[in-house]
Number of protein chains: 2
Amino acid sequence: MIRIGILGYGNLGKGVESAIAHNPDTALTAIFTRRNPESIQPLTKGVQVCKADDIAKYKDDIDVLILCGGSATDLPVQTPNVAKYFNVIDSFDTHANIPQHFSNVDKAAKENGKLALISCGWDPGMFSLNRVYAESVLPGGATYTFWGKGVSQGHSDAIRRIKGVVDARQYTVPVESALEAVRSGSNPSLTTRQKHTRECYVVVEEGADKASIEKQIKEMPNYFADYDTTVNFISLEELKEKHNGIPHGGFVIRSGKTGASDEYNNVIEYSLKLDSNPAFTSSVLVAYARAVYRMSKEGKSGCITVLDVAPAYLSPMDGAELRAKML
Amino acid sequence: MIRIGILGYGNLGKGVESAIAHNPDTALTAIFTRRNPESIQPLTKGVQVCKADDIAKYKDDIDVLILCGGSATDLPVQTPNVAKYFNVIDSFDTHANIPQHFSNVDKAAKENGKLALISCGWDPGMFSLNRVYAESVLPGGATYTFWGKGVSQGHSDAIRRIKGVVDARQYTVPVESALEAVRSGSNPSLTTRQKHTRECYVVVEEGADKASIEKQIKEMPNYFADYDTTVNFISLEELKEKHNGIPHGGFVIRSGKTGASDEYNNVIEYSLKLDSNPAFTSSVLVAYARAVYRMSKEGKSGCITVLDVAPAYLSPMDGAELRAKML
């Protein structure tokens, strides 16, 4: 059994707990929280809930620690810190800061003979894998990533910060005609606006100036100004009823040429359609926990990413069974 | 530069030659053939064409040898033989015999400190990867592989063996409603007949009994009897004009559940749409030649498959560049 610890018991931490239950060779040993441990009721029977500050005490009880905090402030500090004591995995997803985060975590993990895998999940994660595979096997071509239809937490939060807004949900939606153009192999140049639209469902205070709120959303730089955005004002009841989930997904598509004179076109498409973004991310994290456990046993240390993990490490099957059944 | 040799100069060998030209860090050193070398005019300027029997003499001139023979009789003999002298890659695709082939090649390669990667291409190959990734990250669910629309060489050959048939092309076609059922997440049970249909384009001798030929095709055990098959009789001119290519492709789809009570559905789909089956297979082989070269340099020997290769080994980029640009 691979003994797993969870640091942070929000949506992602709860997802990891459920994913562990789907993998018979993994067991949840402890949940670490910054909240009062007594306030937490885990789903898993008999699992201990411990103070995050005490985590180092558990270093011999856990094979892989999965960090379930946020990329903005939690992980940049937490991951290098706990990589001193544990093999770790995080889902750090601020793409621009990955090289710096990698460097910090690599140093801490290497000095302590631990293995750390960062930026795991689906983007970065499964999408990254697919970008690398597709570009490697089709070197002449172009790669496109589309996201959605799915809830963007960051964009929903941005709407909530507007005065007069009670709650909001923002869906990122890929433009079907852009997807089709990419699939045709024509390698189109697509602007931000041509690739995705943004659908907002917004609950406002009574008497709020809806026209002003809609304008503020649509003109918000970085978040909405570069997109065709639709704003729908709905009741809190409708929001809770129809927009309660956190679905997401997307597409990685590469088209490229083969043949002596580039006469053949090829399209590689990878897509995800997920009812729950955090539950799927968690499921990926647990599969990679298996890989980290095995690679650590082989003596590997330092920081790695999904790009450094051979697929066989993720499967509960051994090499012979994989070759017989899966190849 | 990675120095590559090609053994066998048919469709696949020619495809490898073109793929090498698409990868600036690879160079074609020599083509080995069982035919008279003088009868072969390679596209690549200055490349030597040598007798297959002399191949061992070139063992210090080639970093990775790519075998481009057939799985039925060539590769079971050739791959273990040349793995004594070279790091090698083949596209052995008789799924049931992979364990035996692996064992034979592993012994030869290990005894001689060489690295051999077998069963590379898209199925086995890219599809295998996707089956393993999808099952590992979504352990509760079902995986489906569909092939086509594409030309099946084996089925075309089977039709050609019928008396009175001049030439034939057979397309394997996935059934759209089956694809949709799988994408819906309902995990349907699908029979062979429900998953694929077979479309045949057949040229017959003047005066041949078409009704009898159609019956022989449709009732042929293993090849056609379990499928809904359509037979179209056309002229040789039409066959050459409209059915000259070797397109192929297909889908690997997994749907599975996540969440504490399996309340979330997820669908992972990987698809390929290829104008030329051998040209794409070749392109995959050359990307894996890069991986074999690097892993061999690191001291790895014996037999491996695509499941044992971390994605980063396939890319011309180094780790830092991959993390900055691709993750």
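The rules behind each value
- Residues numbered from 1 in each chain as written.
- Chains lettered and ligands numbered in written order.
- Predicted model: local features only at pLDDT ≥ 70, side-chain atom pairs only at ≥ 80, totals over all residues.
- Heavy atoms only, no water.
- Core = buried A, V, L, I, M, F, W, Y, C linked by side-chain atoms within 4.5 Å.
- Buried < 20%, exposed > 50% of the residue type's maximum accessible area, 1.4 Å probe, protein only.
- Contact = heavy atoms within 4.5 Å.
- Buried area = accessible area lost by both parts, 1.4 Å probe.
- Salt bridge = Lys/Arg side-chain N within 4 Å of Asp/Glu carboxyl O.
- Helix = DSSP H or I, 4+ residues; strand = E, 2+ residues; numbered from the N terminus.
- Least-squares fit on C-alpha atoms with pLDDT ≥ 70 in both.
- Axes fitted to C-alpha atoms, helices over the stretch in contact; angles between N-to-C directions.
- Parallel < 35°, antiparallel > 145°, perpendicular 65-115°, else oblique.
- Left-handed = near helix turned anticlockwise from the far one by under 90°.
- Nonpolar A, V, L, I, M, F, W, Y, C, P; charged D, E, K, R; others polar.
- Pairing = 2+ DSSP bridges.
- Expected span 1.5 Å × (residues − 1).
- Polar contact = N/O pair within 3.5 Å; in protein donor to acceptor, adjacent residues only side chain to side chain.
- Phe/Tyr/Trp six-rings, centres within 6.5 Å; stacked < 30°, edge-to-face > 60°.
- Lys NZ or Arg CZ within 6 Å of the ring centre and 35° of its normal.

**Here we look at the nonpolar core**
Inference 1: Of all hydrophobic cores here, the largest spans 156 residues; its most connected members are A:Leu65, A:Tyr288, B:Leu65 and B:Tyr288.
Inference 2: Leaving out residues up to four positions away in the same chain, A:Tyr288 has contacts with A:Ile89, A:Leu117, A:Cys120, A:Leu129, A:Val306, A:Val309, A:Leu314 and B:Tyr133.

**Things to note about the interface of chain B and chain A**
Inference 1: Across the boundary between the two partners, chain B contributes 66 residues, which contact 66 residues of chain A.
Inference 2: Summing both partners gives a buried area of about 5500 Å² for chain B against chain A, and 65% of it is carried by carbon and sulfur.
Inference 3: When residues of chain B are sorted by the area they lose upon contact with chain A, B:Tyr133, B:Arg323 and B:Leu327 head the list and together hold 15% of the total.
Inference 4: Remark: the boundary between chain B and chain A carries zero salt bridges.
Inference 5: At the level of secondary structure, the elements contributing two or more residues to the side of chain B that touches chain A comprise helix H3 (98-111), helix H4 (126-137), strand E12 (248-258), strand E13 (264-274), helix H10 (277-297) and helix H11 (319-325) of chain B.

**Some details on the relation of the copies chain B and chain A**
Inference 1: Mapping chain B onto chain A calls for a rotation angle of 180° and an axial translation of 0.0 Å; the resulting RMSD is 0.1 Å. The relationship between the two copies is best expressed as a two-fold rotation axis. If distances are taken from each C-alpha of chain B to the rotation axis, the shortest is found for B:Ala310, at 1.9 Å.
Inference 2: The overlap is high: 100% of the interface residues of chain B also sit at the interface in chain A, so the same surface is used on both sides.

**What about the packing of helix H2 (residues 74-82) of chain B against H3(B)?**
Residue and element names in this part refer to chain B.
Inference 1: Two elements in contact, H2 and H3, have axes separated by 8 Å at closest approach and are oriented at 20°. In terms of axis orientation, H2 runs roughly parallel to H3. When the axes of H2 and H3 are compared, the crossing they make is right-handed. Judged by residue contacts, Leu 75, Pro 76, Thr 79 and Pro 80 of H2 engage His 101, Asn 104, Val 105 and Ala 108 from H3.
Inference 2: Taken together, the residues of the contact of H2 with H3 sort by class into five nonpolar, three polar and no charged.

**Observations concerning the pairing of strand E13 (residues 264-274) of chain A**
Inference 1: Counting buried positions along E13(A) yields nine of eleven residues, so the element is predominantly enclosed.
Inference 2: Pairing of strand E12 (residues 248-258) of chain A with E13(A), which is carried by eleven bridges, proceeds in the antiparallel orientation. Along E13(A), the bridge assignment pairs A:Lys257 with A:Asn265.
Inference 3: Count of turn residues in the E12(A)/E13(A) antiparallel hairpin: five residues, of which A:Gly259 carries a positive phi of about 105°.
Inference 4: With nine bridges joining them, E13(A) and E13(B) adopt antiparallel strand pairing. From the neighbouring strand, A:Lys273 faces E13(B), where its bridge partner is B:Val267.

**Things to note about the environment of B:Leu239**
Residues and elements named next belong to chain B.
Inference 1: Considering the arrangement of structural elements, one finds Leu 239 in helix H9 (residues 236-242).
Inference 2: Once the C-alpha coordinates of Leu 239 and Ala 168 are considered, the two residues, 71 residues apart in sequence, prove to be 7.8 Å apart.
Inference 3: When sequence neighbours within four positions are dropped, the list of residues in contact with Leu 239 reads Asp 167, Ala 168, Arg 169, Tyr 201, Val 203, Ile 234 and Asn 244.

**Thoughts on helix H10 (residues 277-297) of chain A**
Residues and elements named next belong to chain A.
Inference 1: Between its first and last C-alpha, H10 extends 31 Å over 21 residues, near the 30 Å set by a 1.5 Å rise per residue.
Inference 2: Most of H10 is tucked away: 17 of the 21 residues are buried.
Inference 3: The residue sitting at the N-terminus of H10 and contributing the capping side-chain oxygen is Ser 276; that oxygen lies 3.1 Å from the backbone nitrogen of Ala 279.

**Some details on the packing of aromatic side chains**
Inference 1: Tallied over the full model, the rule gives ten aromatic pairs over all chains.
Inference 2: Ring centres of A:Phe127 and A:Tyr270 lie 6.1 Å apart, and the angle between their planes is 80°; this geometry places the pair in the edge-to-face category. Placement of A:Phe127 in helix H4 (residues 126-137) and of A:Tyr270 in strand E13 is noted, with a sequence separation of 143 residues between them.
Inference 3: The exposure class assigned to A:Tyr270 is buried, which follows from its relative accessible area of 2%.
Inference 4: Centre to centre, the rings of B:Tyr171 and B:Tyr201 are 5.8 Å apart; their planes meet at 80°, and the pair counts as edge-to-face. With a gap of 30 residues between them, B:Tyr171 in strand E9 (residues 165-174) and B:Tyr201 in strand E10 (residues 196-204) connect regions that are remote in the sequence. You'll find B:Tyr171 and B:Tyr201 in the same group, each marked buried.
Inference 5: Clustering of aromatic rings is evident, with ring pairs tying together A:Trp122, A:Phe127 and A:Tyr270.
Inference 6: Taking the ring centre of B:Phe102 as reference, the NZ or CZ of A:Arg323 above it sits at 3.5 Å.
Inference 7: Seen from the ring of B:Tyr227, B:Arg198 lies directly overhead, with NZ or CZ sitting 4.0 Å from the centre.

**Some details on the sheet that holds strand E3 (residues 48-51) of chain A**
Residue and element names in this part refer to chain A.
Inference 1: Taking strand neighbours across the sheet as the criterion, the seven strands line up as E3-E2-E1-E4-E5-E6-E14 in an open arrangement whose pairing is parallel. Both outer strands of the open sheet, E3 and strand E14 (302-304), are each paired with one neighbouring strand and no more. Neighbour to neighbour, the strand axes of the sheet diverge by 25° on average, direction disregarded.
Inference 2: Bridging between strand E4 (residues 64-67) and strand E5 (residues 87-89) involves three bridges; their strand directions are parallel. Counted as the bridge partner of Ile 66 is Ile 89 from E5.
Inference 3: Along the sheet face, helix H2 (residues 74-82) touches strand E1 (2-7), E4 and E5 and points at about 175° away from the line of E4.

**Focus: the sheet that holds strand E8 (residues 150-151) of chain B**
In any sheet, the strands associate via hydrogen bonds between backbone groups, in a parallel or an antiparallel arrangement.
Residue and element names in this part refer to chain B.
Inference 1: Spatially, E8-E9-E10-E11 is the arrangement adopted by the four strands of the open sheet, whose pairing is mixed. Looking at strand neighbours, the two that pair on one side only are E8 and strand E11 (228-233), the edges of this open sheet.
Inference 2: Sheet topology note: the E9/E10 ladder contains nine bridges and is antiparallel. Considered in E10, the bridge of Gln 170 is made with Cys 200.
Inference 3: Where helix H5 (residues 153-160) meets the sheet, its contacts fall on E8, E9 and E10, and the angle it forms with E9 comes to roughly 145°.
Inference 4: Of the strands in this sheet, E9, E10 and E11 touch helix H8 (residues 210-218), which is tilted by about 150° from E11.

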